[in-house]
There are 2 protein chains.
Amino acid sequence: MIPQTTLAKIRSIFGSAGFLDSAEDRIAYSYDGTPLLTHLPDAIVIPQSVDQISRLLKLANDEGFGVVPRGSGSGLSGGSIPVENSVVLLTNHWDRIIEIDQNNLSAWVQPGVITAKLHSAVEALGLFYPPDPGSAAICTIGGNVAENAGGLRGLKYGVTKNYVLGMEVVLPNGEVIVTGGKSVKDVAGYSLKDFLIGSEGTLGIITRVLLRLIPKPQFSRTMLAFYSKLSDSAETVSDIIASKITPAALEFLDNTTIRSVEEYAHLGLPTSIDSLLLIEVDGRSAEVEEDAAKIVDICKRHGALEIRIAANEQEATKLRMARKAAFSALARVRPTTILEDATVPRSEVAPMLERINRIASNHNLMFGNFGHAGDGNLHPTCLTDERDANEIHRAELAFGEIFSEAVRLGGTITGEHGVGLAKLKFLEKALGEPAIDMMRKIKEAVDPNGVLNPGKIFSLRPRCEGPLPTNREQIKKFADSGAFT
Amino acid sequence: MIPQTTLAKIRSIFGSAGFLDSAEDRIAYSYDGTPLLTHLPDAIVIPQSVDQISRLLKLANDEGFGVVPRGSGSGLSGGSIPVENSVVLLTNHWDRIIEIDQNNLSAWVQPGVITAKLHSAVEALGLFYPPDPGSAAICTIGGNVAENAGGLRGLKYGVTKNYVLGMEVVLPNGEVIVTGGKSVKDVAGYSLKDFLIGSEGTLGIITRVLLRLIPKPQFSRTMLAFYSKLSDSAETVSDIIASKITPAALEFLDNTTIRSVEEYAHLGLPTSIDSLLLIEVDGRSAEVEEDAAKIVDICKRHGALEIRIAANEQEATKLRMARKAAFSALARVRPTTILEDATVPRSEVAPMLERINRIASNHNLMFGNFGHAGDGNLHPTCLTDERDANEIHRAELAFGEIFSEAVRLGGTITGEHGVGLAKLKFLEKALGEPAIDMMRKIKEAVDPNGVLNPGKIFSLRPRCEGPLPTNREQIKKFADSGAFT
């Protein structure tokens, strides 16, 4: 626990309105979108200025506590879960789009802006912010940058990193820097911005982000293709790429996921098929129609049972729903849903899916698989029950094997969710000691007292290491203790 | 000087064929593409294996000398110029394209591959590697990655960073890592690859690079537009962007540059005009023709005196020559050519050019200006004579003012050339102490003995600081001393 004298100093920085430590508030911020992991923060702070964050971090260095930044808390790797002796710092109330600069195709935004709101705001001006994580309706830009969020448009448009021009950041020592700017080209010194994107809140707290925008594609065409064999859909994907077409989305669902989606959303999907592809092309209308026609041919050539093409935006939204509902639909099947993001080179998608299915079967587990076939970013999803310790143990073993297979196939343990707490124990194996050693050295140089999001990505060296979060037992004991008033 | 005993150990790593220390060789590697800066290396090494580089770096840490990696030596910021007690490590002989993977749209290449050769190789397969630095015909991919090279296609396609998927790197301690991979999405730990891109050889030696490729645009249209007023060409640029068109190239030349190009290349350019724009659009033919027509309208609306549109690829090559010959043409005007890359947000190009002209005139200097109008990356080029110490001094003052103006307008001191030695003294002013401090901490954590490309980007703290390179006087004395045999 952070000593009361220290908590009083923290409260004096943020004022009573910006400092929460009731039992209810602490429980509310003890978890995020990640299953199984929870830990109570000692307090929650709501900054009203960058200066307050600076002062908090200086105090954290002086008195030895951790600061865990948090946007919407929709992360899937435990990145915003508190650890022992830590306060949660909220940024989701900073939700203003500060400026959209149409001359320089850029936007300054506060970190708490919801990704989908930014989409709407810039699209209304004929502009486009491509990154679209699955959680776009609830997640924040600050969280997207901290995790280098991906999404459905990765293949054609890239990920969050490709759209960050600059940012204002409070460093672990409390200093504030602005790194990057509206110049598309900038090679003045190390690119601190690129050090910070995807650093999961461990190197700095993002207080403003400058994003790159592009002209909005004028037209798009959306279709679903159904297959009786997974390998046929995989060959379709390869052939589309070989034809030099780059779809805006190229997504797949397996049978378990299709059945769950149909039960949940009643979209009229055939539930007996082995897999489906959601394919979207965008750009100028002539080009889009040409590509769409070629794709239909390719789908047919690879044995597609049926192809549904949206005639208008309303129908497109409905087809997209087949993919967008996947997580929610799977989450209804059993009490606990462990959604992972093992990622492989595109050419290895089919072999990887076969291995996932074999591993699931070996461990007697139920898996649904869906994901971004076009960029190899898969979402093997284990449908389980956290109250069944044995099943959870088997799930952990299975994911360990899945991550090993992904690495063996030239892929990675996480394509877009981050390492956080959830994949910490797999990281070293995936990257090897020299790479981890370099990361640790950088973390220790920038944050020698380990005040920023401690214990995330990689466990620190012994001198800095704090205990890892416990499980829900801690919350239960806390609730049972009568701390609620 | 590195002691003879140490040099003998270095020679024993590389063998006689891989170790050069004759006076001729040392002079040949004492300079790069940057004017005014030279320094003699103590030796030059030519590795035949990654292991030799590891052993060299371990020895450098043990015995305290610097290692300066070098590709083609075409850099313009002094990044490959030796410093005291250093050996130059060549990579330009490692010039093999290892693999082009058409399924995963990627290529593994050795660092010494010439950028233009990669262009040809992938384009023959219908693929495209967009980064095209002005020196593409001679520069290496390793150098491009180390400097995060830009080029003409930055506005539409981005820079080198956007096309690096992974790399094999020897770290300063001699450890070898492979970071990144063929997965487009990868957020496993800090992105070491992004730490290393643009780190100017100060954090690692690149021994293999995995590049991202895209489908080759099917069609392009190239045109030149001539203007009697610079402001008209600037407004044309703004209006093209406002029309949601993203040209593949949007380049400008001022009158001094146009006259020099015409004298040099005899392209039939009108030498009385104030500026010209080179505009290129690419993509599908229908889209390209539509955009080209819109652009012609915009050019006319802003008072273009004449618009020349290439009817075929041969004519396009000729029009492009107006821009591509700029540096060579200006370099003929006076003995010493200082080409810089002050960069501003696109909206500030016209004000920036006015200021450059005023500064040049205040210091009684001759400047030619050209550059990437579309992304704000300008090339103010001072035409001078290094034998005139007073004029060189005035040039230094002028560039100091130009960089300050660029920063004041929200830009940067270097858009694509890097800091190296040439802009070291401007960097701190541009970025501020907290940012520089973070960069230094990272450098010191990763390379505590400062063995990799010492003294580049920022001067190290006193304990590590080595003397900066001297000027050509040193070479002259060396040559006069009779060391030549």
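These numbers come from a predicted model, not from an experiment.

**Q** Sorry, what's going on with the overall build of chain A here?
**A** For chain A, the helix and strand inventory stands at 17 helices and 18 strands. Against the globule reference of 23 Å for 485 residues, chain A gives a C-alpha radius of gyration of 23 Å, in line with a compact fold. For chain A, the spread of C-alpha atoms along the three principal axes comes to 70 × 60 × 45 Å. The buried share of chain A, taken over its 485 residues, is 63%. Contacts in chain A between residues at least 24 apart in sequence constitute 72% of all its contacts with a sequence separation of at least 6. Carbon and sulfur atoms make up 50% of the accessible area of chain A, which amounts to about 17100 Å² in all.

**Q** How do you make sense of the side chain of aspartate 132 of chain A when you look at a structure like this?
**A** Locating aspartate 132 of chain A in the fold gives a position in the loop between strand E7 (127-128) and helix H5 (141-147). A polar atom in the side chain of aspartate 132 of chain A sits 3.2 Å from the backbone nitrogen of arginine 153 of chain A.

**Q** What is the right way to read the interface of chain B and chain A from this model?
**A** Note on interface size: it is often stated as the accessible area lost on association of the parts. Counting from both sides, the interface comprises 79 residues of chain B and, opposite them, 79 residues of chain A. Buried area between chain B and chain A, both sides added, is near 6300 Å², and the carbon and sulfur share of it is 61%. Ranking the residues of chain B by area buried against chain A places Lys185, Val187 and Tyr190 of chain B at the top, with a combined share of 16%. Where chain B touches chain A, the interface holds 10 salt bridges. Summed over the shared surface of chain B and chain A, the number is 29 residue pairs in polar contact (both at pLDDT 80 or more). The leading source of residues in the side of chain B that touches chain A is helix H16 (residues 433-446) of chain B, at 10 residues. Of the residues assigned to the side of chain B that touches chain A, the class counts are 32 nonpolar, 28 polar and 19 charged.

**Q** Hey, could you run me through the sheet that holds strand E6 (residues 106-109) of chain A in this one?
**A** Adjacent strands of a sheet form backbone hydrogen bonds with each other and so pair up, either parallel or antiparallel. Residues and elements named next belong to chain A. Taken together, the five strands give an open sheet; going across it, the order is E5-E6-E10-E8-E9, and neighbouring strands pair in antiparallel fashion. Looking at which strands have only one partner, the edges of the open sheet turn out to be strand E5 (97-101) and strand E9 (176-180). Here the strands of the sheet are splayed against their neighbours by 10 degrees on average, with no regard to which way each runs. As paired elements, strand E8 (residues 164-170) and E9 share five bridges and run antiparallel to each other. Bridge pairing in E9 links methionine 167 to threonine 179. Across the sheet, helix H3 (residues 50-63) lies against E8, E9 and strand E10 (205-212), angled at about 55 degrees from E8, the strand it touches most.

**Q** Honestly, the confidence of the model for chain A in this entry has me stumped. Any pointers?
**A** Detailed reading of the predicted model is not advised wherever pLDDT is low. Summing up the model confidence of chain A, the mean pLDDT is 94 and the portion of residues at 70 or higher is 95%. Predicted confidence is poor over residues 461-471 of chain A, with pLDDT under 50, and the contacts of this stretch with residues over four places away or in other chains come to 23 contacts.

**Q** Would you mind showing me how to read the packing of helix H14 (residues 389-408) of chain B against helix H15 (residues 424-431) of chain B here?
**A** Two quantities define a packed helix pair, namely the angle between the axes and the distance from one axis to the other. Residues and elements named next belong to chain B. Where H14 meets H15, the closest approach of the two axes is 10 Å, and the angle between their N-to-C directions is 25 degrees. Put simply, H14 runs roughly parallel to H15. Between H14 and H15 the crossing geometry is right-handed. For the pair H14 and H15, the contacting residues are Glu396, Gly400, Phe403, Ser404 and Val407 in the first and Lys425, Phe426, Lys429 and Ala430 in the second. Among the residues making up the contact of H14 with H15, the classes are represented as four nonpolar, two polar and three charged.

**Q** Would you mind going over the environment of proline 247 of chain A with me for this structure?
**A** Residues and elements named next belong to chain A. For proline 247, the location among the structural elements is in the loop between helix H8 (230-242) and strand E13 (249-254). The sequence separation of proline 247 and valine 237 amounts to 10 residues, and the corresponding C-alpha distance is 10.0 Å. Non-local contacts of proline 247, meaning those with residues more than four positions away in its chain, are made with Leu155, Lys156, Ile240, Ile279, Glu280 and Val281.

**Q** So what exactly am I meant to see when it comes to the side chain of threonine 257 of chain A here?
**A** The topology assignment puts threonine 257 of chain A in helix H9 (residues 255-265). Apart from residues lying up to four places away in sequence, threonine 257 of chain A is in contact with Ala326, Leu330, Gly368, Asn369 and Phe370 of chain A.

**Q** How do you make sense of the pairing of strand E18 (residues 377-384) of chain B when you look at a structure like this?
**A** On a regular strand, one side chain projects to one face of the sheet and the next to the other, so that they alternate. Residues and elements named next belong to chain B. Within E18, eight of the eight residues are buried, which leaves the element mostly enclosed by the surrounding structure. Side chains of E18 alternate between two faces, with Asn377, His379, Thr381 and Leu383 and Leu378, Pro380, Cys382 and Thr384 buried alike. Bridging between strand E16 (residues 336-339) and E18 involves four bridges; their strand directions are antiparallel. In the strand pairing of E18, threonine 336 is matched with threonine 384. As paired elements, strand E17 (residues 366-372) and E18 share seven bridges and run antiparallel to each other.

**Q** Where do I start with the relation of the copies chain B and chain A in this structure?
**A** Each of the two copies of the chain can be brought onto the other by a rotation about an axis and a shift along it. If you rotate chain B by 180 degrees and push it 0.0 Å along the axis, it lands on chain A with an RMSD of 0.0 Å. Such a turn and shift between the copies fits a two-fold axis. Both copies contact each other with a shared surface, as 100% of the interface residues of chain B are interface residues in chain A too.

**Q** What should I look at first to understand the pairing of strand E8 (residues 164-170) of chain B in this one?
**A** All names here are of chain B. E8 sits mainly inside the fold: seven of its seven residues count as buried. Bridge count for E8 against strand E10 (residues 205-212) is six bridges, and the pairing is antiparallel. By the bridge assignment, methionine 167 is partnered in E10 with valine 209. Connecting the antiparallel pair E8 and strand E9 (residues 176-180) is a turn made up of five residues, with glycine 174 showing a positive phi of about 95 degrees.

**Q** Quick question: what am I supposed to make of the pattern of salt bridges here?
**A** Two side chains carrying opposite charge are able to pair once their charged atoms lie near each other. Going through the model one piece at a time under the given rule, you end up with 65 salt bridges over all chains. Where glutamate 99 of chain A meets lysine 182 of chain A, a salt bridge forms, and the shortest distance between an N and an O atom there is 2.8 Å. Taken together, the residues glutamate 99 of chain A in strand E5 and lysine 182 of chain A in the loop between E9 and helix H7 (192-196) connect sequence positions 83 residues apart. The residue aspartate 447 of chain A makes a salt bridge to lysine 443 of chain A at a minimum N-O spacing of 2.7 Å. By the burial criterion, aspartate 447 of chain A is buried, and lysine 443 of chain A matches it. Salt bridges sharing common partners tie together Lys161, Lys193 and Asp194 of chain A together with Lys161, Lys193 and Asp194 of chain B.

**Q** What should I look at first to understand helix H4 (residues 115-123) of chain B in this one?
**A** Residues and elements named next belong to chain B. The complete set of buried residues in H4 reads Thr115, Leu118, His119 and Val122. Buried residues of H4, seen end-on, are gathered within an arc of 105 degrees and therefore sit on one face of the element. Taken together, the buried residues of H4 touch strand E5 (97-101), strand E6 (106-109), strand E7 (127-128), helix H5 (141-147) and E10.

**Q** What should I look at first to understand the packing of aromatic side chains in this one?
**A** Any pair of aromatic rings gets described here by the distance separating the centres and the angle formed by the planes. All chains considered together, the criterion is met by 15 aromatic pairs over all chains. Arranged with centres 4.8 Å apart and planes meeting at 65 degrees, the rings of phenylalanine 403 of chain A and phenylalanine 426 of chain A form a pair that is edge-to-face. In this pair, phenylalanine 403 of chain A is assigned in helix H14 (residues 389-408) and phenylalanine 426 of chain A in helix H15 (residues 424-431), connecting sequence segments 23 residues apart. Residue phenylalanine 403 of chain A is classed as buried on the basis of its relative accessible area of 2%. An aromatic cluster of three or more residues is present, and its members are Tyr190, Phe195 and Phe458 of chain A together with Tyr190, Phe195 and Phe458 of chain B.

**Q** What is the right way to read unusual backbone geometry from this model?
**A** Peptide bonds are, in most cases, trans, and in most cases residues other than glycine have a negative phi. All names here are of chain B. Phi is positive for leucine 36, which is not a glycine, with a value near 75 degrees. Along the chain, the position of leucine 36 falls in the loop between helix H2 (23-28) and strand E2 (43-45). Residue asparagine 148 is not a glycine yet carries a positive backbone phi of 50 degrees. In this structure, asparagine 148 sits in the loop between H5 and helix H6 (154-157). What makes asparagine 148 buried here is its relative accessible area of 7%.

Rules behind the numbers
Residues numbered from 1 in each chain as written. Chains lettered and ligands numbered in written order. Predicted model: local features only at pLDDT ≥ 70, side-chain atom pairs only at ≥ 80, totals over all residues. Heavy atoms only, no water. Helix = DSSP H or I, 4+ residues; strand = E, 2+ residues; numbered from the N terminus. Rg over C-alpha atoms; globule rule 2.2 N^0.38 Å. Buried < 20%, exposed > 50% of the residue type's maximum accessible area, 1.4 Å probe, protein only. Contact = heavy atoms within 4.5 Å. Areas by Shrake-Rupley, 256 points an atom, 1.4 Å probe, with all protein chains shown as cover. Polar contact = N/O pair within 3.5 Å; in protein donor to acceptor, adjacent residues only side chain to side chain. Buried area = accessible area lost by both parts, 1.4 Å probe. Salt bridge = Lys/Arg side-chain N within 4 Å of Asp/Glu carboxyl O. Nonpolar A, V, L, I, M, F, W, Y, C, P; charged D, E, K, R; others polar. Pairing = 2+ DSSP bridges. Axes fitted to C-alpha atoms, helices over the stretch in contact; angles between N-to-C directions. pLDDT = per-residue confidence, 0-100. Parallel < 35°, antiparallel > 145°, perpendicular 65-115°, else oblique. Left-handed = near helix turned anticlockwise from the far one by under 90°. Least-squares fit on C-alpha atoms with pLDDT ≥ 70 in both. Arc of directions from axis to C-beta. Phe/Tyr/Trp six-rings, centres within 6.5 Å; stacked < 30°, edge-to-face > 60°.

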